Amino acid sequence: PACSSCAPAMRLGGRTATVAGVDLGTLDATAGVVTGTGVQLVQNEVSKRQTPAVVAFGGRKRFVGDEAAAVLKTHGRNACRGFKHLLGRKADSPEMDTERFWSLAPITPCGRDGFAGYSVTHKEAEKQFTATAVLAMFLSKMVTLCEKWTNLGVTDIVLSIPSYFSDTHRMACLDAIKIAGLTCLQLLHESTAIALAWWFTHHRTDDLRAISTQTVVFCHAGHSALLVAVVRYSSAGIEVIGETICQEVSGREMDRALMQHAAKAFVKSGGEDPLQEGRWKPRLKLEEAVRKAKHVLSGVPQASVSVECLDGENDLSTSIHRDTFEQLCSHMVAATQRTVSSALATANVAQKEISAVEICGGASRCPWLQSALQSCFPGLELRKTLNADECVAIGCAWQAAMSSPLYKLQQLDLVQYGRHYVCLDYPEHVKEVSESPDTITRVDRMKRMALFQPRAGLNVEVELTFSCASVLNLVARYQDASTLLPGTSTRICDFAIEVGADPSGPPKMVQVIVVLDCHGIVSVSSAALVEAPEGAADDDTFNWKFWEWGQEGTGNPKKKTKGRKQGDSGRVRKTLNVVAARLGGLQPEDLQQAVAADVQMRKEDFDIRAAEDRRNDLEAKVFGLQDKLASSFASKLGPKEREQLQEELSALETWTCEHDAEEQSEYTTRYKDLDSKERSIAGRKSLAEMAEGLRGVCTACEKLLQDPATAAHISIDARQSLEEQYKEAMACVEAGEGHWEAPDIERFQTALEGMMSVASLGEGQTC
């Protein structure tokens, strides 16, 4: 929809800037920006909106996006893909077996924490790159595409993530954005992005107060998971009231079923199993073939799967019927129905309350999946008003525009919920009396409190007050491990707050504010000493309360209730230092090193591409001159000079082919030399014109020699030299076109004109 208030309103560094929304998928990524007419989706170098989410390394070069996809078959061993599923996950996790099946480069532990990354060969050396570093490389590419498409600077982005991402995964995303030199406006849940895209697609206004309550179910079948989200649109805002994600139903699981089916047929025909570990080339060929067949089966009942030289000289040629495909995916039908039922149960929504059902995502085009979804919503039509592949990117772009001061766009009342149950372990002081009644010791015993419920909104804070004698140690963790990805630790972060009091003295009161920010990250935003209220016991641990919600179910905080007892008159005395030991995320020094490494790699990429451009220019100059030798330069060059130049061009062509990794200066020097010769030849007259000019000079010289006055003021030696030069010049002219050489003609003409100038001067005259 057109929006008159969407024009950028700020200039940074003298250049108009914009913000972008990026949908990071497993297979590819899409970026969008908001313009005066709505969202524009960015096209890449090959004029496509979807950019392959691949980073590959070859020799000393780095390939990202379509460049990497183009070299997969030759550099697959050094290609990193699917890095979205490696973020914040341990390499030794059992769930990594699935990612190893799809990964081309070996997955290996990286860094001090052992998170998953890739082992590749770069610059003739074995190197390891974390998934965070690879994501940073890819985000830099996506931002570059946005800048080229819009001719605007991009420094702020909104990135889509699955809602099941834990604190560790979210920190990995934020670190990647920082390494890429960008600012994250928000990590936006995919379900929320789809809800935003639907709203701006169907409504011409951003005012929710004018609409009646609507409940829409979105079924997004992507390459890695099926997402079912129940969204309520009302005057209170846009609220995702229920959401379930199932990774059993996905595009790549369909691909795996087809690959295994085709591999069995190939083995029966006498070939070697292409899915064996380590055989990435045949697996990649088979994957591309079955993916094409899957797309064909969405429209016709039968598709062929053909791969030449799948195993040596053995070809794969088979066909798959749609009924066979549906049978291979039959176990996903029940999983689809369970996912829908779970989402509706979470939202507490009955079928009759649903206003519409929207399906989107690339895998939603499969007929069997549409049938399975239709069986879950009898009497309701499965609508397809959203772009299946681009709706998440569109939602991210709108959120980026609403979150940025560069746009004068009204902020919608958007409620984004956390998925996980977050609790806090804190020390409770207990007095223990020893055998001597006069000896009393203080012992800390860890207790646990609920901090953020699964349906708690993001971007909220809780204010707590504790009593502590020296160091207050708090531990944030997830209460329910079943909501996390397998292998994810329930521990989020340890917070150590230095109180600085005497351990043997009375405890001090510490006020702590814990935040669940807009990215879904749990942190302690501040801590401070407060004076104890009158009458408080030394061993009190203060009570605490959540924010009080403005309206039930909306998640919008109305007012903050301080975590002090009633009648507390304490006041802040001193701000305390908080030391966070987070399980996920890079340490400051590691982050700084990663940023420096990324900057250095980008500089090297720039230098390499600049050298390649200059090498291409040199090759083009060589080929252009070779063409001109037979066309426009044919009349300007003699046989010897032409042959000499041809040999020089051939040698230069061979040199550029053999030296493809030289510095830019090497190519520049040779280019300038060749360009100078070309300009010199282009500025000449034809050989016939030059010979005719020399003939005219010879005629003038002959008249000068026959003039009696000339002999009166020049010596005999000078006259003899002039006569010899005249004879040589005439011999050159009379030799004919096949013997003319431009340098000889120029030399004779210059010499004759100089000697004639001296001979024609009278006595007492000077040149």
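In this convention, every chain numbers its residues from 1, walking through the sequence in written order. Reporting of local features is limited, given that this is a predicted model, to residues whose pLDDT is at least 70; pairs of side-chain atoms are given and counted only at 80 or more, and all residues count toward the totals for whole chains, interfaces and linings. Processing note: side-chain calculations cover all non-hydrogen atoms of the structure and skip hydrogens and water entirely.

**Quick look at helix α8 (residues 280–297)**
What counts is decided by this rule: Going along the chain from the N terminus, every DSSP run of H or I of four or more residues is numbered as a helix, and every run of E of two or more is numbered as a strand. Here a helix's expected span is defined as the number of its residues, less one, multiplied by 1.5 Å. Partly exposed residues are those whose accessible area sits between 20% and 50% of the maximum for their type, while under 20% is buried and over 50% is exposed, using a 1.4 Å probe and protein chains only.
Along its 18 residues, α8 runs 25 Å from first to last C-alpha, staying within 8% of the 26 Å computed at 1.5 Å per residue. Those residues of α8 not exposed but buried are Trp280, Pro282, Arg283, Leu284, Leu286, Glu287, Ala289, Val290, Arg291, Ala293, Lys294 and Leu297.

**A closer look at the pattern of salt bridges**
Heads up, the rule is: Salt bridges are defined as contacts in which a side-chain nitrogen from Lys or Arg sits within 4 Å of a carboxyl oxygen from Asp or Glu.
One pass over the structure, following the stated rule, counts 35 salt bridges. Arginine 582 is the salt-bridge partner of aspartate 167, the closest N and O atoms lying 2.8 Å from each other. Linking aspartate 167 in helix α5 (residues 167–179) with arginine 582 in strand β32 (residues 578–582), this pair joins segments that are 415 residues apart in sequence. Residue classification places aspartate 167 among the buried positions, given a relative accessible area of 1%. For arginine 670, the salt bridge is made with glutamate 666, and the minimal N-O distance between the two is 3.0 Å.

**Let's talk about the packing of aromatic side chains**
Rules: Centres within 6.5 Å are what make two rings of Phe, Tyr or Trp a pair, Trp counting through its six-membered ring; a difference in plane orientation under 30 degrees is then read as stacked, over 60 as edge-to-face, and the rest as tilted.
Evaluated as defined, the whole model comprises ten aromatic pairs. Seen from their ring centres, tryptophan 199 and tyrosine 233 are 6.1 Å apart, and the 15° between their planes marks the pair as stacked. Of the two residues, tryptophan 199 sits in helix α6 (residues 190–202) while tyrosine 233 sits in strand β15 (residues 226–234), which places them 34 residues apart along the sequence. Residue class for tryptophan 199 comes out buried when judged on its relative accessible area of 0%. Taking the relative accessible area as the measure of exposure, tyrosine 233 reaches 0% and is therefore buried. An aromatic cluster is built from Trp198, Trp199, Phe218 and Tyr233, whose rings are joined through pairwise contacts.

**A word on the sheet that holds β15**
What counts is decided by this rule: Think of it this way: DSSP has to see at least two bridges between two strands before they count as a pair. Any pair of residues with heavy atoms lying within 4.5 Å of one another is described as a contacting pair. Note on geometry: axes are lines fitted to C-alpha atoms, helical ones only across the stretch in contact, with angles between N-to-C directions running from 0 to 180 degrees.
Judged by pairing direction, the sheet is mixed, and its six strands sit side by side in the order β20-β19-β14-β15-β16-β21 without closing on themselves. Because the sheet does not close on itself, it has two edges, and the strands there are β20 (382–383) and β21 (414–415). In this sheet, β21 lies alongside strand β16 (residues 237–246) in parallel orientation, the contact comprising two bridges. For isoleucine 238, the partnering residue across the bridge sits in β21 and is leucine 414. Taken strand by strand, α6 contacts β14 (214–221), β15, β16, β19 (356–360), β20 and β21, and its axis lies near 50° from that of β15. In the packing of helix α10 (residues 330–347) onto the sheet, contacts are made with β14, β15 and β16, and the angle to β16 comes to roughly 145°.

**Some thoughts on the state of the cysteines**
Convention followed: The disulfide criterion is simple: two cysteine sulfur atoms within 2.5 Å.
Applying the stated criterion to the full structure yields zero disulfides. The thiol of cysteine 219 is not disulfide-bonded; the next cysteine sulfur, from cysteine 376, is found 7.7 Å away.

**Looking at the nonpolar core**
Basically, it comes down to this: Residues grouped as a nonpolar core are buried Ala, Val, Leu, Ile, Met, Phe, Trp, Tyr and Cys residues, joined through side-chain atoms within 4.5 Å.
Ranked by internal contacts, the top residues of the largest apolar core, which has 99 residues, are Phe83, Tyr118, Phe138, Phe218, Tyr233 and Ile238. Apart from the residues within four sequence positions on either side, phenylalanine 83 is in contact with Leu24, Ala53, Val54, Val55, Tyr118, Ala131, Val134, Leu135 and Phe138. Formed by 49 residues, the second largest nonpolar core is a distinct cluster that contains Val228, Ile241, Val307 and Met332.

**Description of the packing of α5 against helix α13 (residues 588–629)**
Helices that pack against each other are described as a pair by the angle of their axes relative to one another and the distance between those axes. Selection criterion: Angles below 35 degrees are treated as roughly parallel, those above 145 as roughly antiparallel, those between 65 and 115 as roughly perpendicular, and all remaining angles as oblique. By the definition used in this description, the sense in which the near helix is turned from the far one sets the handedness, with an anticlockwise turn below a right angle giving left-handed and a clockwise turn giving right-handed.
It is at 9 Å that the axes of α5 and α13 come closest, and there the two elements cross at 45°. As the angle between them shows, α5 and α13 are arranged oblique. In this structure, α5 meets α13 at a crossing whose hand is right-handed. Of the residues in α13, those touching α5 at Asp175, Lys178 and Ile179 are Leu591, Ala594, Val595, Asp598 and Arg602.

**Some words on empty space enclosed by the protein**
Unfilled space is identified by rolling a water-sized probe across the atoms. Test applied: Lining residues are defined by having an atom within 4 Å of a point belonging to a cavity or pocket. Those points lie on a 1 Å grid over the protein atoms alone, cavities being sets where a 1.4 Å probe fits but cannot get out and pockets being open sets with protein on both sides within 12 Å along at least five of seven lines. Grid points are joined across faces, edges and corners, and a volume is the space filled by probe spheres set on the points. Under the scheme applied, nonpolar residues are Ala, Val, Leu, Ile, Met, Phe, Trp, Tyr, Cys and Pro; charged residues are Asp, Glu, Lys and Arg; polar residues are all the others, including Gly.
A complete count under the given rule lists one cavity of 30 Å³ or more for this structure. Approximately 100 Å³ is the volume found for the largest cavity. If you go around the largest cavity, you meet 15 residues; those closest to its centre are Gly418, Arg419, His420, Leu516 and Gly520. Looking at the lining of the largest cavity residue by residue, the class counts come to seven nonpolar, five polar and three charged.

**Overview of the sheet that holds strand β7 (residues 61–64)**
In spatial order, the strands read β7-β6-β8; together these three strands make up an open sheet with antiparallel pairing. Strands at the two margins of the open sheet, each flanked by one partner only, are β7 and β8 (79–81). The mean angle between the axes of side-by-side strands here comes to 15°, regardless of whether they run parallel or antiparallel. Two strands pair when backbone bridges link them, and strand β6 (residues 54–58) and β8 are joined in this way by three bridges, in the antiparallel orientation. Its bridge partner lying in β8, alanine 56 is registered against alanine 79. Packing against the sheet, helix α4 (residues 131–150) makes contact with β6, β7 and β8, and its axis sits at approximately 105° to β6.

**Topic: helix α18 (residues 716–734)**
Each α-helix turn comprises 3.6 residues. Residues three or four places apart therefore point the same way. The condition that has to hold: Throughout, the arc means the angular range of directions from the helix axis out to the C-beta atoms.
The terminal C-alpha atoms of α18, which comprises 19 residues, lie 27 Å apart, in line with the 27 Å expected from a rise of 1.5 Å per residue. What α18 keeps buried is the set Leu722, Gln725, Tyr726, Ala729, Met730, Cys732 and Val733. Taken end-on, α18 shows its buried residues confined to a sector of 155°, consistent with a single buried face. In α18, the exposed positions that point more than 90 degrees away from the buried face belong to Ile716, Asp717, Lys727 and Glu734. Glycine 736 occupies a position one or two residues after α18 and carries a positive phi of about 105°.

**Describing the environment of serine 525**
Within the secondary structure, serine 525 sits in strand β28 (residues 522–530). Overall, serine 525 belongs to the partly exposed group, its relative accessible area being 46%. As for serine 525 and isoleucine 513, which are separated by twelve residues in sequence, their C-alpha atoms are 5.8 Å apart. With sequence-adjacent residues up to four places away left out, serine 525 is seen in contact with Ile513 and Val515.

**Re the pairing of β6**
Counted residue by residue, β6 has five buried out of five residues, so it is predominantly covered. Here β6 shows a buried face lined by Val54, Ala56 and Gly58 and a second buried face lined by Val55 and Phe57. Connecting β6 to the next strand, β7, in antiparallel fashion are two residues, including glycine 59 with a positive phi near 65°.

**With respect to the confidence of the model for the chain**
Short version of the rule: The quantity called pLDDT is the predictor's confidence in a given residue, expressed from 0 to 100.
Mean pLDDT over the chain stands at 84; residues scoring 70 or higher make up 87%. Across residues 1–15, confidence stays below pLDDT 50; counting only partners more than four residues off in sequence or on other chains, it has 35 contacts.

**Thoughts on unusual backbone geometry**
In this structure, serine 47 is a non-glycine residue whose phi angle is positive, near 60°. Here serine 47 lies in the loop between β4 (38–41) and β5 (51–52).

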